[in-house]
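Chain residues, written in single-letter form:
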Amino acid sequence: MAQSIIETGTPPITPPTEHRLWGGRFEGAPALSLEELNRSLDIDKRLWREDIEGSLAWVQALLRAGVLSLDEAGALDAGLRRIAHRFAEAFPDDAPDEDIHTLVERMLYEEAGQVAGKLHTGRSRNDQVATDARLWTLRACVRIERELRAVQSALVELAAANIEVLMPAYTHMRRAQPVRVAHWLLSHFWALQRDRDRLTAAVDRVSVLPLGSGAISGSGFAVDRTLLKELLGFRHVSQNSIDAVGDRDWVCEVLFVTSMVATHLSRLAEDLIIFSSDEFRFIELPEAFTTGSSLMPQKRNPDGLELARGMAARSIGELTSALAMLKGTPSGYNKDFQEDKRLLFGAVDAMEMLLPTTRETIAGLRFNSDRLADVLSDETLLATDLADELVRRGLPFREAHAAVGRLLRSADQQGVQVSQLPESVWAAAHPQFMDPHIPTVSPEASVDARSVQGGTARPAVVGQITAARDALS
Ligand code: ARG
């Protein structure tokens, strides 16, 4: 992706004056209440770099199309760069302008004089805003991808460091079977890996240049759109001007990816909240990622994780808002689309807060192996292994399942673990339990029996760690 093409110069500061990009046909100014509603500067000011970069590229295209003389292009170019410098120094937050495009153009009059009026030749705010927002989003996706990768890396490293540690895995939130903690950690890794793949795929569809599409029907001047694409670092040039200014499917797609990431982080957070609770005590959260209670001195609350869970709701809201914003609009640009930036910015901001906190929380996790061993001593976790052993001794699985069920019922009735049941009870549950001897099972043997790819045996998990590292490299 192209780096910023803004270079900085000296900043002359001129006070703002009235300026509007339209109005020739109007007898008066719009109602104050409409002006308030219509104004988007507070939101789209975040596009200032992209807006100026788009204009710098547009100046080059107009020059080559013979619309601007070399002097005019030079004056516009220098003026735009001075505006960028002024914004970088201090953004005029109290500017009265309708949106970022209007503000930049007004300031260009201050910087370059009347030639500023030539900049918007053959261009519309419709193709301009779509270009700015796509550029901004591409850069945001680079940052999100980097942070996602860092979270994944924290998961793999923690998995690799704890490959020997076992824990119970749950289905329906009930004890199911032993697994390696590495296996559980990596389950979250692969979910995020798919999100990163989705992000990469979405980026290709975001990376389409709308500039040159004009308001709806294409620019009336023969601008070189391939040049524009290259100057701005897009991968593709849009094929249809109506589509280029009139769709926001790419916004929805990015918002789907961010809401899927947020959903995955929320599920990870939920696991961590449960496993670190006083009832479970499987893991210890890093103290710096917990907060206290104003009343109860003993509390160390997992607020960061709860916020991750809570903020996922907002991300999902942003996606559904974008889809709802789009669904009723006719072809071409509609002002409804102004809402897209609020949604995009919100989703990206959430990612940029959640991903680093999640990464640091993971990096600081500790497993409480005494407590894990204690829970793993519950032999019901090995019931499937007992049934599997009977299958190896020749029983159909359904019969083995029923035999182990009878054994577990007896253990329940007597209030003991199955290994403490007398031989007679084993024999009554099924004679095959005695042939050649009562089976011995253990959590270690259970995880190592699952040597299939994607299973819990040590070589399978080591292979998984290698594959995970490959996916990151
Ligand atoms: N602020 C507008 C937006 O975000 C810019 C485009 C305005 N276009 C127009 N035809 N009024 O969508």
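Note: the structure precedes this text.
The rules we used
Residues numbered from 1 in each chain as written. Predicted model: local features only at pLDDT ≥ 70, side-chain atom pairs only at ≥ 80, totals over all residues. Heavy atoms only, no water. Salt bridge = Lys/Arg side-chain N within 4 Å of Asp/Glu carboxyl O. Helix = DSSP H or I, 4+ residues; strand = E, 2+ residues; numbered from the N terminus. Buried < 20%, exposed > 50% of the residue type's maximum accessible area, 1.4 Å probe, protein only. Axes fitted to C-alpha atoms, helices over the stretch in contact; angles between N-to-C directions. Left-handed = near helix turned anticlockwise from the far one by under 90°. Contact = heavy atoms within 4.5 Å. Nonpolar A, V, L, I, M, F, W, Y, C, P; charged D, E, K, R; others polar. 1 Å grid on protein atoms, 1.4 Å probe; cavity = no way out; pocket = protein on both sides within 12 Å on 5 of 7 lines; lining within 4 Å. Points joined across faces, edges and corners; volume = space filled by probe spheres on them. Polar contact = N/O pair within 3.5 Å; in protein donor to acceptor, adjacent residues only side chain to side chain.

## Overview of the pattern of salt bridges
Thought 1: Applying the stated criterion across every chain yields a total of 38 salt bridges.
Thought 2: Note that Arg-359 is salt-bridged to Glu-147, the shortest N-O span being 3.6 Å. One end of the pair, Arg-359, is in helix H12 (residues 339-363); the other, Glu-147, is in helix H6 (residues 125-161), and 212 residues separate them in sequence.
Thought 3: Looking at Glu-147, the relative accessible area reads 23%, which means it is partly exposed.

## Overview of the environment of Thr-466
Thought 1: Here Thr-466 lies in helix H18 (residues 458-472).
Thought 2: What makes Thr-466 partly exposed here is its relative accessible area of 44%.
Thought 3: Remark: the alpha-carbon pair of Thr-466 and Gln-338, spanning 128 residues in sequence, is separated by 45 Å.

## Brief notes about the packing of helix H4 (residues 70-89) against helix H5 (residues 100-112)
Thought 1: Packing of H4 against H5 leaves a shortest axis separation of 9 Å and a crossing angle of 115°. As for the relative orientation of H4 and H5, their crossing is right-handed in sense. From H4, Ala-75, Leu-76, Gly-79, Leu-80, Arg-82, Ile-83, Arg-86 and Phe-87 reach across to H5, where they touch Ile-100, Leu-103, Val-104, Met-107, Leu-108, Glu-110, Glu-111 and Ala-112.
Thought 2: Class assignment for the residues of the contact of H4 with H5 results in eleven nonpolar, one polar and four charged.

## Quick look at empty space enclosed by the protein
Summary: where empty space remains is shown by rolling a probe the size of a single water molecule over the atoms.
Thought 1: Overall, the coordinates contain one cavity of 30 Å³ or more when judged by the stated rule.
Thought 2: Put simply, the largest cavity is a space of about 60 Å³.
Thought 3: In this structure, the largest cavity is lined by Phe-289, Gly-304, Leu-305, Ala-308, Leu-354, Thr-357, Thr-358 and Thr-361.
Thought 4: Where the lining of the largest cavity is concerned, the elements lending two or more residues are helix H11 (303-327) and H12.
Thought 5: The element best represented in the lining of the largest cavity is H12, accounting for four residues.

## Some points on the side chain of Arg-196
Thought 1: Of note, Arg-196 is situated in helix H7 (residues 181-206).
Thought 2: Classification of Arg-196 as buried rests on a relative accessible area of 5%.
Thought 3: One polar contact links Arg-196 to Gln-152, side chain to side chain, over a distance of 2.5 Å.
Thought 4: In this view, Arg-196 contacts Glu-145, Leu-148, Arg-149, Gln-152, Ala-471 and Leu-472; residues no more than four positions away in its chain are not counted.

## Considering the layout of surface pockets
Thought 1: Each pocket or cavity is described by its volume, and for the largest pocket that value is around 520 Å³.
Thought 2: Around the largest pocket, the lining comprises 20 residues; the ones closest to its centre are Trp-184, Ser-187, His-188, Arg-267 and Asp-271.
Thought 3: Of all elements in the fold, only strand S1 (166-171), H7 and helix H10 (249-275) reach the threshold of two or more residues within the lining of the largest pocket.
Thought 4: Top contributing element to the lining of the largest pocket by residue count: H10, with eight residues.
Thought 5: Estimated volume of the second largest pocket: approximately 390 Å³.
Thought 6: The wall of the second largest pocket is formed by 16 residues, among which Ser-276, Ser-277, Asp-278, Arg-300 and Pro-302 lie closest to the centre.
Thought 7: Residue composition of the lining of the second largest pocket, by class: four nonpolar, six polar and six charged.

Everything listed here is a matter of geometry and, on its own, says nothing about what the molecule does.
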